[in-house]
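Each chain, letter by letter, is given below.
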Amino acid sequence: MFRFLIKRVLLGVSTLFAISVTVFALFFMGPADPAASMCGTKQCTPVQHERITTFLELDRPPHEQYASYMRGIFVGRTIGGDSPDAIECPAPCLGINFRTYEQVSTVIGRTMPITFSIVLGGAVLYVLIGTGLGMLSAIKRGSIFDRIASGTALTFASTQIFFIGSVLLLVFVYQTDLLPLPKYVPFTESPLGWLGGMIVPWIALGLINSAQYARLSRAQMIETLSEDFVRTARAKGLAIAPIYFRHALRAAVTPIVTIAGLDIGGQLGGVAITETTFSLNGMGRTAVRAIDEANLPVVMGIVLFSAMFLVLSTIIVDILYSVIDPRVKLGTSGGH
Amino acid sequence: MSTANNPYLQVSNLRVKFETHDGTVKAVDGVTFSVEKGKTLGIVGESGSGKSVTSLAIMGLHNPKSTLLQGEILVDGRNVVGMPDDKLRLLRGRDMAMIFQDPLTALHPFYTIGRQLVEAYRVHHKVTKAVAKKRAIEMLDRVGIPQPQRRFGQYPHEFSGGMRQRAMIAMSLINDPNLLIADEPTTALDVTVQAQILDLLNDLQREFHSAVILITHDLGVVSQVADDVLVMYGGRVAEYGTAQQVMKLPQHPYTWGLLASMPSLRGDPEADLLPIKGNPPSLLNVPPGCVFHPRCRYAMLKGGPCDREVPELLQLRTVDEPGHTVACHLPERQRIETYQEEISSVGVAQ
Ligand SMILES: Nc1ncnc2c1ncn2[C@@H]1O[C@H](COP(=O)(O)OP(=O)(O)OP(=O)(O)O)[C@@H](O)[C@H]1O
Ligand code: SF4
Ligand SMILES: [Mg+2]
């Protein structure tokens, strides 16, 4: 276990390192001119342009910029050098937003709870409902319930979040006022406000992703029900409930845990389309905007956090997997 | 042959059909046999002859939605055909139990062996976990698993193939069933442990005095452990009799084919095997007449009844062997002569 963790954390850190180099390289390969985009396209005088460029150290070669970025993360740095407006950025410093001069760590601190609320709340909803419906469909395979559920699942699985989201907003929020307008209220400020502001995005995510989980778990359960050990359970004389729950379900959910873990891990770094649909300024929407503005530090910060969540989720999934399936030994095969 | 008045298991004219996308599969088509307590019936036949389908029908393990069961299966006098599942399940595991071919897939990979045995016992006995655990350890010990206390807490993947099958046997016998069906219990195992498992089953049968059905491809195994033999082909019975009758004077060309293809039964193990040419029939589209006729060397020339009429399972007439029945159109005298002149001389040891 300990060795497994060390190995995976080291692997994760080197992945993050490689990603940071790649993002930097891509940025400098492109025609982006952040200084120009910051001082406004039309009336930017060469003097202003020059000042911004020096302030942000954009005139220095890329590898020096990279080195100072890395130094910032570990020991902190001062941005703006000798300028009187220089910004003190303590470790772990992820740089500053080129536009607003706000520290990137502050940006992430503000946007992360929004994304987490959307993703985690939605995930609870769709994993439980989707998996439950899928399992039920499998048990009642071929019944009217199964047909309706499978048909509905197919419809929603092939729909886009912005479509469902817009329809929900239009019908339940703008036209009828049945559901509150999506907005982010910190949980600590008002738990009810938080819930109300999130309910529409959760429903939208729930509808779309439940469908995928329903299809997946139905297929898994059908496969498991044909396994020899389920036949053995029946041959023992067990009643229906323990056959389904103790024997079939336990085996059928194992792959779903993996997929859900990676899914959630991937979304925690930002769900741009969902956030945009509901005008919530989470990490995803912020990152997309930052790309438009050639706002390298913001992009880099969010990309690194997303990657970190993904790395963490693979580690957690592997640990969970070894808990569920006794045949899996941590570290021997690097997972499953 | 079962001569007692009320054998523990009595299967009469059993038919099993499956509705599939491609049509109706007639997997078992009119099979009759019986097994008494304390006796072993060996069912032999190539792959696809309906052996497993027959045993799953006895256990009531077919999916009722896609399976049509006809005929009668009396377990201790109770007909399990058409019995509602909530009643049938009370017989499963308690009155009749089954051992499957591959113990690795038949045991649940996520639960310890002990937990699976305890569960099997507690389905039918209202006892505490501690009592069930004691019983489980006793059974593990009884089937020859060393250090049963320690093994109790291990998972199936920590057992070797042979030990797993022993655990499976312990689980099937934990409620002391009167009928045990072993469906190719050694096929998935190393040759070296096959004999040990068969010996164990033999011992246990003597001890538990249950009726046993042993399904196998190997007539050699049957000749050693079975009291009666049922030879199945294409979902039907080709030949049925005591092991002695069938081994001494086999009467069906399909049985001859099986005998000739068994290395263990031929006098000269180095001699070439004589496999039966061709493949078993598709049960979606069963050949007319005798199901074996497309592969039978003795099928009567065109115009004979082999490809038109289904041969009835009839008692031998010219020799006094009560209970030895055969389904073949060949005249009995010709069969006996053919066997003595052509088949036994090939070197089938007896
Ligand atoms: N559930 C099912 N649906 C459709 N066909 C089936 C089903 N179960 C079995 N069959 C078919 O019935 C036939 C008999 O199968 P069965 O499993 O009884 O053979 P077997 O004699 O046990 O062979 P083996 O030695 O390979 O175990 C096969 O052709 C098989 O494809
Ligand atoms: S009935 Fe005809 S085809 Fe069938 S086994 Fe006898 S001789 Fe062969
Ligand atoms: Mg079989």
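What counts as what
Residues numbered from 1 in each chain as written. Chains lettered and ligands numbered in written order. Predicted model: local features only at pLDDT ≥ 70, side-chain atom pairs only at ≥ 80, totals over all residues. Heavy atoms only, no water. Helix = DSSP H or I, 4+ residues; strand = E, 2+ residues; numbered from the N terminus. Buried < 20%, exposed > 50% of the residue type's maximum accessible area, 1.4 Å probe, protein only. Contact = heavy atoms within 4.5 Å. Lys, Arg positive; Asp, Glu negative; His and termini not counted. Charge placed at Lys NZ, Arg CZ, Asp CG, Glu CD. Rg over C-alpha atoms; globule rule 2.2 N^0.38 Å. Buried area = accessible area lost by both parts, 1.4 Å probe. Salt bridge = Lys/Arg side-chain N within 4 Å of Asp/Glu carboxyl O. Polar contact = N/O pair within 3.5 Å; in protein donor to acceptor, adjacent residues only side chain to side chain. Nonpolar A, V, L, I, M, F, W, Y, C, P; charged D, E, K, R; others polar. Near = heavy atom within 4 Å. Areas by Shrake-Rupley, 256 points an atom, 1.4 Å probe, with all protein chains shown as cover. Domains from an automatic or database assignment. Disulfide = S-S within 2.5 Å. Pairing = 2+ DSSP bridges. Axes fitted to C-alpha atoms, helices over the stretch in contact; angles between N-to-C directions. Parallel < 35°, antiparallel > 145°, perpendicular 65-115°, else oblique. Left-handed = near helix turned anticlockwise from the far one by under 90°. Expected span 1.5 Å × (residues − 1). Bend = angle between axes of the 7 residues up to and from the residue. Core = buried A, V, L, I, M, F, W, Y, C linked by side-chain atoms within 4.5 Å.

Caption draft 1: Fine view of the overall build of chain A. Looking only at helices and strands, chain A has 13 helices and two strands in total. Out of the 336 residues belonging to chain A, those deemed buried represent 46%. Here the contacts in chain A between residues at least 6 apart in sequence split such that 64% fall between residues at least 24 apart. The average position of the 25 basic charges and that of the 21 acidic charges among the side chains of chain A differ by 15 Å.

Caption draft 2: Quick look at the overall build of chain B. Within chain B one finds twelve helices and twelve strands. Here chain B has a C-alpha radius of gyration of 21 Å; the compact-globule value for 350 residues is 20 Å, and the two agree. Projected onto the principal axes, the alpha-carbon positions of chain B cover approximately 70 × 45 × 40 Å. The burial tally for chain B puts 56% of its 350 residues in the buried class. Computed over 36 positive and 38 negative side-chain charges, the inter-centroid distance for chain B is 7 Å.

Caption draft 3: Up close: the interface of chain A and chain B. Contacts between the two partners involve 19 residues from chain A and, on the opposite side, 26 residues from chain B. Each partner contributes to the roughly 2300 Å² buried at the junction of chain A and chain B, and carbon and sulfur atoms together form 57% of this total. Our count for the contact surface shared by chain A and chain B stands at two salt bridges. Of the charged contacts in the structure, one is a salt bridge between R246 of chain A and E119 of chain B, with a shortest N-O distance of 2.3 Å. Our enumeration of links across chain A and chain B arrives at 13 residue pairs in polar contact (both at pLDDT 80 or more). For the side of chain A that touches chain B, the secondary structure elements donating two or more residues are α9 (228-235) and α10 (240-267) of chain A. With six residues, the single largest contributor to the side of chain A that touches chain B is α9 of chain A. For the side of chain A that touches chain B, the class distribution of residues is seven nonpolar, four polar and eight charged.

Caption draft 4: Geometry of the site of ligand 2. With respect to spatial proximity, the complete set of residues near ligand 2 consists of H252, P253, C290, F292, H293, C296, Y298, A299, C306, C328, H329 and L330 of chain B. Its residues assigned to classes, the shell around ligand 2 shows nine nonpolar, three polar and no charged.

Caption draft 5: Expanded view of the site of ligand 1. Residue and element names in this part refer to chain B. Near ligand 1 there are 14 residues, and of these S47, G48, K51, S52 and H217 occur at the shortest range. Take S52: an N or O atom from its side chain is 2.7 Å from an oxygen atom of ligand 1. In isolation ligand 1 offers 640 Å² of accessible surface; the protein chains occlude 64% of this area. Of all elements in the fold, only β1 (9-20) and α1 (51-59) reach the threshold of two or more residues within the shell around ligand 1. Broken down by element, the residue count for the shell around ligand 1 peaks at three residues, all from α1. Across the shell around ligand 1, the residue classes break down as four nonpolar, seven polar and three charged.

Caption draft 6: Just the domain arrangement of chain A, in detail. All names here are of chain A. Domain annotation for chain A reports domain 1 (2-104) and domain 2 (111-324). One C-alpha centre belongs to domain 1, the other to domain 2; they are set 34 Å apart. Contact residues are listed per partner, giving 23 residues for domain 1 and 18 residues for domain 2. For the domain 1 and domain 2 pair, buried surface summed over both sides reaches about 1800 Å², with 79% attributable to carbon and sulfur atoms. In terms of surface lost to domain 2, no three residues of domain 1 exceed R8, L16 and V23, which account for 27% of the buried area on that side. Connecting domain 1 to domain 2 are two salt bridges. Across the salt bridge formed by D318 and R8, the nearest N and O atoms sit 2.4 Å from each other. Along the contact surface separating domain 1 from domain 2 lie five residue pairs in polar contact (both at pLDDT 80 or more). Taken together, the elements giving at least two residues each to the side of domain 1 that touches domain 2 come down to α1 (2-29) and α2 (34-38). Counting residues per element, the side of domain 1 that touches domain 2 draws most heavily on α1, at twelve residues.

Caption draft 7: Examining the state of the cysteines more closely. All names here are of chain A. In this structure the tally under the stated criterion is one disulfide over all chains. Between the sulfur atoms of C89 and its disulfide mate C93 the distance is 2.1 Å. Between C89 and C93 the sulfur-sulfur dihedral comes to about 105°; the bridge is accordingly right-handed. The two residues C89 and C93 agree in class, both being buried.

Caption draft 8: Fine view of the pairing of strand β6 (residues 96-99) of chain B. Residues and elements named next belong to chain B. By the alternation rule, side chains of β6 split into M96 and M98 and A97 and I99, which are all buried. Strand direction decides the pairing type here: β6 and strand β7 (residues 179-183), joined by four bridges, are parallel. Its bridge partner being in β7, I99 is matched across the sheet by A182.

Caption draft 9: A look at the sheet that holds strand β11 (residues 314-315) of chain B. The mixed open sheet is built from eight strands, whose spatial order is β6-β7-β8-β3-β9-β10-β12-β11 (chain B). Two strands lie at the open edges of the sheet, namely β6 and β11 of chain B, each paired on one side alone.

Caption draft 10: Region of the structure containing the pattern of salt bridges. Residues and elements named next belong to chain A. Following the criterion strictly, the structure yields 19 salt bridges over all chains and no others. Here R327 makes a salt bridge to D325, at a shortest N to O gap of 3.0 Å. Given the relative accessible area of 5%, D325 is considered buried.

Caption draft 11: Expanded view of the packing of helix α5 (residues 104-139) of chain A against α10 of chain A. Residue and element names in this part refer to chain A. As a packed pair, α5 and α10 sit with axes 11 Å apart at the nearest point and diverge in direction by 150°. On the basis of their axis angle, the class for α5 and α10 is roughly antiparallel. Considering the relative orientation of α5 and α10, their crossing is right-handed. Contacts between α5 and α10 involve T115, V119, L120, A123, Y126, V127, T131, M135 and I139 from the former and Y244, L249, A252, V253, I256, A260, D263, I264 and Q267 from the latter. Taken together, the residues that form the contact of α5 with α10 break down as 14 nonpolar, three polar and one charged.

Caption draft 12: Layout of α5 of chain A. In this model α5 of chain A runs 50 Å from its N-terminal to its C-terminal C-alpha over 36 residues, within 8% of the 52 Å that 1.5 Å per residue would give. At T111 of chain A, α5 of chain A is bent by approximately 30°, the largest bend along its length, and proline P113 of chain A sits one to four residues beyond.

Caption draft 13: Broad picture of the nonpolar core. Core analysis: the biggest nonpolar cluster contains 81 residues, and L9, F33, I58, I73 and I213 of chain B have the highest contact counts within it. Not counting residues within four places of it along the chain, the set of residues in contact with F33 of chain B comprises L9, Q10, V11, L41, I43, T54, I58, I213, L230 and Y240 of chain B. By size, the runner-up hydrophobic cluster in this structure holds 53 residues, among which are L94, L168, W194 and L304 of chain A.

Caption draft 14: Representation of the packing of α1 of chain A against helix α13 (residues 296-324) of chain A. Residue and element names in this part refer to chain A. One can describe the packing of α1 onto α13 by two numbers: an axis separation of 10 Å at closest approach and a directional angle of 155°. With respect to their mutual orientation, α1 and α13 come out roughly antiparallel. Crossing of α1 over α13 shows right-handed handedness. For the pair formed by α1 and α13, the contact residues are F4, L5, R8, V9, G12, L16, I19, S20, V23, F24, F27 and F28 on the first element and L296, M300, V303, L304, A307, M308, V311, T314, I315, D318 and I319 on the second. Classifying every residue of the contact of α1 with α13 by side-chain character gives 18 nonpolar, three polar and two charged.

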